[in-house]
Amino acid sequence: MHPYRYHRPGSLAEAEEVLAGDGDPRPLAGGMSLIPVMKHRLAAPSDLVDLAAIGGLTGITVEPATLGIRAMTRHAAVAASPSVRERIPALAALAGGIGDPLVRNRGTIGGSLANNDPAACYPSAVLALDAEIVTAGRRIPADNFFLGLFETALEPGELIVEVRFPVPAAASYRKFPNPASRFSVVGVFVARLADGAVRVAVTGAGPCVFRVKAFERALAASFAPGALADLSVAADGLTSDIHGSAAYRAHLIGVLAEDAVADCA
């Protein structure tokens, strides 16, 4: 690991000031992605800005039509929250299936979204539920947030403060996990929103989370597993590696989507 300067700011403004400085400062949330990368010398930040001491960045808030999750809220807290389990049970189940107990008790929703790992679970929930990513200065719609492999719409030094989820009429997340890491070989989140719109988001299958518009149109017409029976996803552009070929992942998307729709019923 390369040497770095460690900062533990007590406010969001102080953190943003350090992150705006010279060098290559990086925010540290749970550290479940950044620390291993640093240990392998694949990243060499000049400064680590630990967000753990900043007040107001943890917790879950409930409003009539939305659920707000603050950026430093741990996966385990989301999974265990009675509010999340009652209003978006699919989101609680997703959080409870991330990694192992160590990861769930250290990793944060904000860190996961900012990192945008192509096999992470949370991006599929954010995209399928049409959530908003809230920073100190703006609100970013989910459709505009995920740009590519480990790339998001966040500006340098911009920090996620909260994620705001509309409460859906029905939702389910199904994933085929890597047995070692519990990352998604393929994960599919299906949501029928309160206004009747249907969104289907896929993680693990490509370089970035994406929606399957053909599935959405079919399910908007008939929200039943059979609506997807004659549809498929092209393998072109999907990931092919030791865990599964692109064709295998394309097949899994259809299978998991049908399972998720059946769960919603």
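Residue positions are counted from 1 within each chain, in the order its sequence is given. In keeping with the predicted nature of the model, local features appear solely for residues at pLDDT of at least 70, side-chain atom pairs appear and are counted solely at 80 or more, and the whole-chain, interface and lining totals rest on all residues. Note that the side-chain values use all heavy atoms of the structure and ignore hydrogens as well as water.

## Section: the domain arrangement of the protein
Residue ranges assigned to the domains are those given by an automatic or database domain assignment. On domain assignment, one finds that the protein holds domain 1 (5–50) and domain 2 (60–264). Domain 1 and domain 2 are separated by 26 Å when their C-alpha centres are compared. Pairs of residues are marked as contacts when any of their non-hydrogen atoms sit within 4.5 Å. Contact residues are listed per partner, giving nine residues for domain 1 and 13 residues for domain 2. Together, Leu-12, Ala-29 and Met-32 form the three largest contributors to the area buried by domain 1 at its contact with domain 2, with a combined 50%. The term salt bridge refers to a side-chain nitrogen of Lys or Arg lying within 4 Å of a carboxyl oxygen of Asp or Glu. Where domain 1 touches domain 2, the interface holds zero salt bridges. When residues in the side of domain 1 that touches domain 2 are grouped by element, the largest group, four residues, is from helix α1 (residues 12–19). Two parts lose some accessible area (1.4 Å probe) when they are put together, and adding that loss for both gives the buried area. Each helix is a run of DSSP H or I of at least 4 residues and each strand a run of E of at least 2, with the numbering of both proceeding from the N terminus.

## A few points about the sheet that holds strand β14 (residues 210–211)
In this analysis, strands are considered paired if DSSP registers two or more bridges between them. Overall, antiparallel pairing links the four strands, which are arranged β11-β12-β13-β14 in an open sheet. The open sheet is flanked by β11 (170–177) and β14, the only strands paired with a single partner. One ladder, built from six bridges, connects strand β12 (residues 184–192) with strand β13 (residues 198–203); its direction is antiparallel. Counterpart to Ala-191 in the pairing with β13 is Arg-199. Lines fitted to the C-alpha atoms define the axes, with helices restricted to the stretch that makes contact. Angles between their N-to-C directions range from 0 to 180 degrees. Contacts between helix α5 (residues 89–96) and the sheet are confined to β11 and β12, with β11 contributing the most and set at about 20° to the helix. Along the sheet, helix α10 (residues 213–221) contacts β12, β13 and β14; its crossing angle with β13, the most-contacted strand, is approximately 150°.

## Considering the sheet that holds strand β3 (residues 47–50)
The three strands are arranged β1-β3-β2 in an open sheet whose pairing can be described as parallel. Bordering the open sheet on either side are β1 (5–7) and β2 (25–28), each of which pairs with just one other strand. If you compare each strand with its neighbour and ignore which way they point, the axes differ by 20° on average. Inspection of the sheet shows β1 paired to β3 by three bridges, in the parallel sense. From the neighbouring strand, Arg-5 faces β3, where its bridge partner is Asp-47. Strands β1, β2 and β3 of the sheet are contacted by α1, whose axis makes an angle of about 145° with β2.

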